[in-house]
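Residue-level structure breakdown
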Amino acid sequence: MADTATPVLELRGITKRFPGVVANDAVDFDLRKGEVHALLGENGAGKSTLMNILYGLYRHDEGEILLHGKPLDIDSPHEAIAAGIGMVHQHFMLIPVMTVAENIVLASEPTRGNVLLDMSAAEQRVRELAERFKFRVDPRARVEDITVGQQQRVEILKALYRNADILILDEPTAVLTPQEAIELFEILKELVAHGMSVIFISHKLNEVLEIADRITVLRRGKTVATVPREGATEADLARMMVGRDVLLRVEKQPASTGETLLHVEGLRVVDDRGLEAVRDVSLEVRAGEIVAIAGVDGNGQTELIDALTGLRRPAEGRITVGGREMTHASAHQFLEEGVGHIPEDRHRRGLVLEFSLAENLVLHDYAKRPYATRGFMSPRRVLDKARRLLEQFDVRGGTPSTPASALSGGNQQKVVIAREVDRDPRVLIAAQPTRGLDVGAIEFVHRRLVEQRDAGKAVLLISLELDEVLSLADRILVIYEGRIVGEFGPSVTEEELGIAMTGGRREAVA
Amino acid sequence: MTEPTNRDPVQGGQVEVDAPTQEPGGYAPSVAERLAFYQRAGGVVTPLITVILAFFAGGLVVLATGHNPLRTYQAVWAGTGLNWFFHVGNYHIDIPFTGHHVFFWWNTDTNGLAAYNLTQTLILTTTLILTGLAVAFAFRCGLFNIGGQGQYTAGAIVSVWVGSSWAHMSQGLHVFLAIALAMVAGAGLAAVAGFLKATVGAHEVITTIMLNWIAYWVGSFLFGRGGPLQNSADISVPISNDVTPSGKLPVLWGNSDLQALHVGFFIALGALVVFWLMLNRTTLGYQVRAVGYNPEAARYGGINVARNYVYAMAISGAFAGIGGAADILGWQYRLGVLDIQVSNIGFIGIAVALLGRNTAVGVGLAALLFGALVNGTSTRGLDASIFPPELAGNLTLMIQALVLLFVGADVLVLYIWQARRHLRLGRRPAAPARPEGTA
């Protein structure tokens with residue numbers, strides 16, 4: 001379907017230097033009419049810099065940008081939009097209290113007599129646009145009331161409303177559930193069928209292979225190759241991205257399980273709105289096994305994790321750790337009892353971003369010897385520990401005194417894992433431990449989790465990624481609407497899991 | 001760019017700029033992310049720009065009133081007494097009973113007008129350091145303590161009560177007791193707000209303002225006519241008894257009849273050190289900062305967030321309470337209803353903390369600035385032939401308000417900064433921006 005003759009957009013020899021680093025080194029990239037062109041690369045490979053240049057946020061030092069064969073000088077997002085380039089950022093730029101239509105027409109509102117805002121015309125235009133591309137959104141809904149997937153559609157509509165014919169999507173599936181991702185892909189297919197061109201930034205191999213017509217891989221600021229989808233495999237792409245062979249499946253021995261370390265019985269947990277989010281959950285995790293809880297986001301996983309780590313009081317039920325009653329214990333007591341917790345959101349909970357790496361690494365143990373004596377901290381010992389852990393866990397991009405916010409997501413996650421694993425917990429609760437990480441980092445995290453299992457720890461993995469669940473777990477529990485609706489062995493198929501995850505009523509999810 | 005020697009992330013934690021291994025979170029750094037960077041980079045620059053802008057705007061107002069801004073600021077400068085340091089006075093001290101004298105490289109004149117003005121500035125600085133720390137400490141825990149004024153008043157009430165009682169105590173003990181109890185009073189008052197925040201989630205801004213009024217009216221009642229702590233000499237005057245000689249802080253410099261610089265100045269400097277140590281070297285400070293930056297992560301780390309709200313407020317209040325004691329025991333020696341009702345030094349502490357970015361060094365410098373400004377524009381400090389002091393007081397308030405406004409509007413300062421860079425570089429390619437990865 002792609003018109004192979006004329007590139008709509010061409011980037012030639014783009015070089016961008018930052019002090020001390022070449023972020024883009026003579027990068028070539030071209031986009032054809034009616035294609036989805038994926039830009040694949042590890043975090044920090046230079047994808048974002050390249051797109052920021054295209055979108056007018058940065059200026060390139062060398063090279064040129066050609067739009068429909070003509071040189072283009074883009075100095076601001078405003079000019080990029082005028083040139084027909086739209087961008088959907090990973091973090092949406094929407095105003096939550098305004099309606100979908102209001103958000104879409106913002107800054108180019110239809111008016112009556114040049115003064116009065118013509119809201120009905122705006123809604124009408126949004127509705128037409130949505131119909132043309134088969135979007136399902138209600139122009140009158142308030143943005144804060146719609147799902148993340150719908151918000152993303154609003155962002156896309158915003159670009160379409162401004163007559164974009166080139167759409168840049170920055171890791172669009174990072175925030176979506178598997179179903180929403182499928183719906184997004186349908187929309188993208190619809191868009192290219194209408195002659196639009198899409199640049200799809202990602203570090204997820206499977207989805208790139210699913211949606212892209214061509215794939216350009218960047219590594220350390222350089223173009224490695226541009227390949228058509230046909231014939232490309234995950235292993236090839238991973239090798240190009242990382243520069244070495246990557247284990248996509250974790251190698252592990254069969255589990256040899258011991259005593260039950262985490263025991264949960266009849267647990268009921270209420271969420272912030274007072275609704276029951278976890279309903280009568282019973283489970284146990286034994287030493288030396290990885291138990292995964294699979295499920296679509298928002299089915300009670302967060303509340304379950306909170307209850308199992310003392311961050312939320314259960315309404316009913318019983319939790320024991322190594323035989324000790326912990327139902328109403330505090331977060332501190334859970335830590336003392338040897339429960340490690342890799343939280344699902346490292347920015348919100350896992351790290352104090354303003355703290356240095358060293359300070360983050362003692363988040364649980366800052367008050368303990370040798371890091372503190374009688375209330376006084378020993379910065380030297382804290383730094384020593386940090387130096388040791390940063391090296392041991394191969395954290396790059398910072399020294400012990402670097403603020404955590406300066407690190408990449410993968411390295412931030414390594415810091416969290418280093419902290420949790422180094423405490424030598426008996427029970428390790430890992431919630432979406434690879435969210436937002438690239439293949440190299442995912443491999444690292446997975447290996448650590450298996451190591452913990454082999455060291456006789458009880459590992460509870462909560463994940464939305466079926467790949468991850470299938471490759472790591474010894475037993476799989478499926479959670480749906482707060483209930484455990486099924487237990488499976490590691491040889492279960494994605495289809496079976498997918499059916500269980502959606503309550504058995506819908507078709508399988510990928 | 002600020003010096004990367006300080007490890008504290010707020011004041012100038014080094015920002016890694018080498019970044020191949022650093023990845024973009026999402027790739028247009030949001031305004032907040034950019035702002036966070038410039039705040040770190042501009043730890044010194046932004047407050048400076050803020051102050052310069054405020055003085056510039058103040059100068060325009062002076063101009064509008066038909067006076068010469070330069071001469072006015074010159075007179076304000078003289079009024080602050082800071083010119084003492086550049087004053088050609090005596091640079092030697094006579095050695096008694098000999099014809100010799102020892103030379104010093106600093107000014108040794110302690111009797112002139114400049115010296116007098118300087119003591120006044122430093123007396124104000126002393127109190128402002130303490131009320132500034134009261135706001136800054138709570139800020140580091142993510143709390144906005146508007147109650148510095150009330151906590152200061154509570155400290156003043158208790159210290160004047162203790163200081164004017166028990167006349168036969170030894171001086172050291174008496175002073176210590178008065179300060180300690182003033183500290184407890186300030187801490188106690190502030191802890192109420194912390195407690196309400198921790199238990200029922202009442203917002204500290206509301207509760208501390210309410211507590212300010214409680215301190216205000218309790219003080220007005222205690223020292224008012226017929227009040228239980230009103231002076232015993234003249235019941236027509238709503239004022240306390242005088243602090244006994246044993247309760248007074250020793251004078252460092254100047255004539256104690258003319259409000260001399262007292263030992264409280266060193267207490268305030270000590271408080272700056274304690275503030276820094278507490279935040280950066282104790283487990284309590286670690287907790288407070290963790291809660292201030294990210295309460296959710298602190299909770300996850302096993303820190304009791306609610307308890308830290310109470311502690312942080314109590315410590316804040318303790319600083320303000322000492323401030324009240326320093327004024328009473330240092331130079332005021334008595335407390336009247338009027339003193340309580342017109343005092344606003346606790347509120348200036350908010351500006352001090354904001355301008356000083358809630359750091360020890362920053363608060364010290366900002367307190368000196370505001371101390372100098374308040375004194376330099378006061379009726380007794382400013383040369384009335386150049387600018388009418390009754391207008392100058394308003395000038396202080398204005399500059400103070402502008403500083404607050406600009407500190408609150410960091411984005412504006414940032415914008416001006418970028419615009420300046422834009423002007424300088426024109427449309428030449430790519431000003432060296434930060435790589436996206438460090439956002």
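Conventions adopted
Residues numbered from 1 in each chain as written. Chains lettered and ligands numbered in written order. Predicted model: local features only at pLDDT ≥ 70, side-chain atom pairs only at ≥ 80, totals over all residues. Heavy atoms only, no water. Helix = DSSP H or I, 4+ residues; strand = E, 2+ residues; numbered from the N terminus. Buried < 20%, exposed > 50% of the residue type's maximum accessible area, 1.4 Å probe, protein only. Contact = heavy atoms within 4.5 Å. Areas by Shrake-Rupley, 256 points an atom, 1.4 Å probe, with all protein chains shown as cover. pLDDT = per-residue confidence, 0-100. Pairing = 2+ DSSP bridges. Salt bridge = Lys/Arg side-chain N within 4 Å of Asp/Glu carboxyl O. Axes fitted to C-alpha atoms, helices over the stretch in contact; angles between N-to-C directions. Parallel < 35°, antiparallel > 145°, perpendicular 65-115°, else oblique. Nonpolar A, V, L, I, M, F, W, Y, C, P; charged D, E, K, R; others polar. Left-handed = near helix turned anticlockwise from the far one by under 90°. Polar contact = N/O pair within 3.5 Å; in protein donor to acceptor, adjacent residues only side chain to side chain. Core = buried A, V, L, I, M, F, W, Y, C linked by side-chain atoms within 4.5 Å. Domains from an automatic or database assignment. Expected span 1.5 Å × (residues − 1). Arc of directions from axis to C-beta.

Per the secondary structure count, chain A includes 17 helices and 24 strands. Across the 510 residues that make up chain A, the buried fraction comes to 58%. Considering only residue pairs separated by 6 or more positions, chain A has 67% of its internal contacts joining residues 24 or more positions apart. For chain A, the exposed surface amounts to about 20,500 Å²; the carbon and sulfur share of it is 48%.

Residues and elements named next belong to chain B. Per-residue pLDDT for chain B averages 81, and the proportion of residues at 70 or more is 79%. Below pLDDT 50 for its whole length, residues 1-35 participates in 102 contacts with residues either more than four positions away or in separate chains. Counted against residues more than four places away or in other chains, residues 425-439, with its pLDDT under 50, gives 39 contacts.

Once that is clear, we can look at the pairing of strand β14 (residues 276-286) of chain A. Residue and element names in this part refer to chain A. Sheet topology note: the strand β13 (residues 260-270)/β14 ladder contains 7 bridges and is antiparallel. Following the sheet pairing, Leu-267 is matched in β14 by Val-281. Linking two consecutive strands that pair antiparallel, namely β13 and β14, is a turn of 5 residues; a positive phi of about 85° is found at Gly-274 within it.

The full count for this structure, using the stated rule, is 48 salt bridges over all chains. Across the salt bridge formed by Lys47(A) and Glu171(A), the nearest N and O atoms sit 3.9 Å from each other. With a gap of 124 residues between them, Lys47(A) in helix α1 (residues 47-54) and Glu171(A) in the loop between β9 (166-170) and α6 (178-193) connect regions that are remote in the sequence. Note on Glu171(A): relative accessible area 11%, which makes it buried. For Glu190(A), the salt bridge goes to Lys134(A), with nearest N and O atoms at 3.3 Å. Taken together, the residues Glu190(A) in helix α6 and Lys134(A) in the loop between α4 (119-132) and α5 (148-161) connect sequence positions 56 residues apart. Salt bridges sharing partners connect three or more residues here, namely Asp272(A), Asp306(A), Arg312(A), Arg349(A), Glu296(B) and Arg299(B).

Residue and element names in this part refer to chain B. Direction vectors running N to C along helix α9 (residues 264-281) and helix α10 (residues 283-293) enclose 75°, while the axes themselves pass 5 Å from each other. With respect to α10, the element α9 is oriented roughly perpendicular. Residues Met-278, Leu-279, Asn-280 and Arg-281 of α9 form the contact with α10, whose participating residues are Thr-283, Gly-285, Tyr-286, Val-288 and Arg-289. Looking at side-chain class alone, the contact of α9 with α10 contains 4 nonpolar, 3 polar and 2 charged residues.

Residue and element names in this part refer to chain B. Their axes nearest at 9 Å, the elements helix α7 (residues 171-200) and helix α8 (residues 204-223) cross at an angle of 150°. Classified by the angle their axes make, α7 and α8 are roughly antiparallel. The two elements α7 and α8 meet at a crossing, and its hand is right-handed. Residue-level contacts link Leu-189, Val-192, Ala-193, Leu-196 and Lys-197 of α7 to Glu-204, Thr-207, Thr-208, Leu-211 and Ala-215 of α8. When the residues that make up the contact of α7 with α8 are grouped by side-chain class, the tally is 6 nonpolar, 2 polar and 2 charged.

This part takes up the sheet that holds β9(A). Residues and elements named next belong to chain A. Strand order in this open sheet of 6 strands is β6-β9-β10-β3-β11-β12, and the pairing throughout is mixed. Two strands close off the open sheet at either side, each with one partner strand: β6 (85-88) and β12 (222-228). Along the sheet, successive strands turn relative to each other by an average axial angle of 20°, direction set aside. Pairing geometry for strand β3 (residues 36-41) and strand β11 (residues 214-219), over 5 bridges, is parallel. Paired with Leu-39 across the bridge in β11 is Thr-216. Sitting on the sheet, α5 is in contact with β6 and β9, with an inclination near 165° to β6. Against the sheet, α6 makes contact with β3, β9 and β10 (197-202), and its axis sits at roughly 150° relative to β10, the strand it touches most.

In this section: the environment of Ser463(A). Residues and elements named next belong to chain A. Position of Ser-463 among the secondary structure elements: in strand β22 (residues 458-463). The sequence separation of Ser-463 and Ile-293 amounts to 170 residues, and the corresponding C-alpha distance is 6.4 Å. Sequence-distant contacts of Ser-463, defined by excluding residues within four places in its chain, comprise Ile-293, Ala-294, Gly-295, Gln-432, Glu-468 and Val-469. Within the structure, the side chain of Ser-463 is placed 3.0 Å from the backbone nitrogen of Glu-465, a separation counted as a polar contact.

Further remarks concern the confidence of the model for chain A. Low-confidence regions, as indicated by low pLDDT, have predicted coordinates that should not be scrutinised in detail. In this model, chain A carries an average pLDDT of 87, and 97% of its residues clear a pLDDT of 70 or more. Between residues 505-510 of chain A, whose pLDDT stays under 50, and residues either more than four places distant or in other chains, the model counts 16 contacts.

If you look at the biggest cluster of nonpolar residues, it comprises 150 residues, and the most contacted ones within it are Leu449(A), Ile476(A), Leu497(A), Phe137(B), Phe319(B) and Phe370(B). Counting residues per element, this core draws most heavily on helix α12 (residues 305-332) of chain B, at 12 residues. Of the residues that make up this core, three or more belong to each of domain 2 (247-338 + 425-510) and domain 3 (348-423) of chain A. Those residues within four positions of Leu497(A) in sequence are excluded, and the remaining contacts are Leu466(A), Val469(A), Leu470(A), Ile476(A), Val478(A), Phe488(A) and Val492(A). The next biggest cluster of nonpolar side chains, apart from the first, holds 38 residues, and it includes Val88(A), Leu94(A), Phe133(A) and Val137(A).

Residue and element names in this part refer to chain A. In this model α4 runs 20 Å from its N-terminal to its C-terminal C-alpha over 14 residues, within 8% of the 20 Å that 1.5 Å per residue would give. When we look at burial in α4, the residues that qualify are Met-119, Ala-122, Glu-123, Val-126, Leu-129 and Ala-130. Looking straight down α4, one finds its buried side chains confined to an arc of 125°; they lie on one side. Close packing links the buried residues of α4 with α3 (100-105), β8 (116-117) and α5. Note on α4: the residue one or two positions beyond its end, Lys-134, has a positive phi of about 60°.

Residues and elements named next belong to chain A. Cis geometry marks the peptide bond from Arg-369 to Pro-370, where omega comes out at 0°. As for its position among the elements, Pro-370 is in the loop between α12 (357-361) and β19 (372-373). At Lys-134, a residue that is not glycine, the phi angle is positive and equals roughly 60°. Classification of Lys-134 by relative accessible area gives exposed; the value is 60%.

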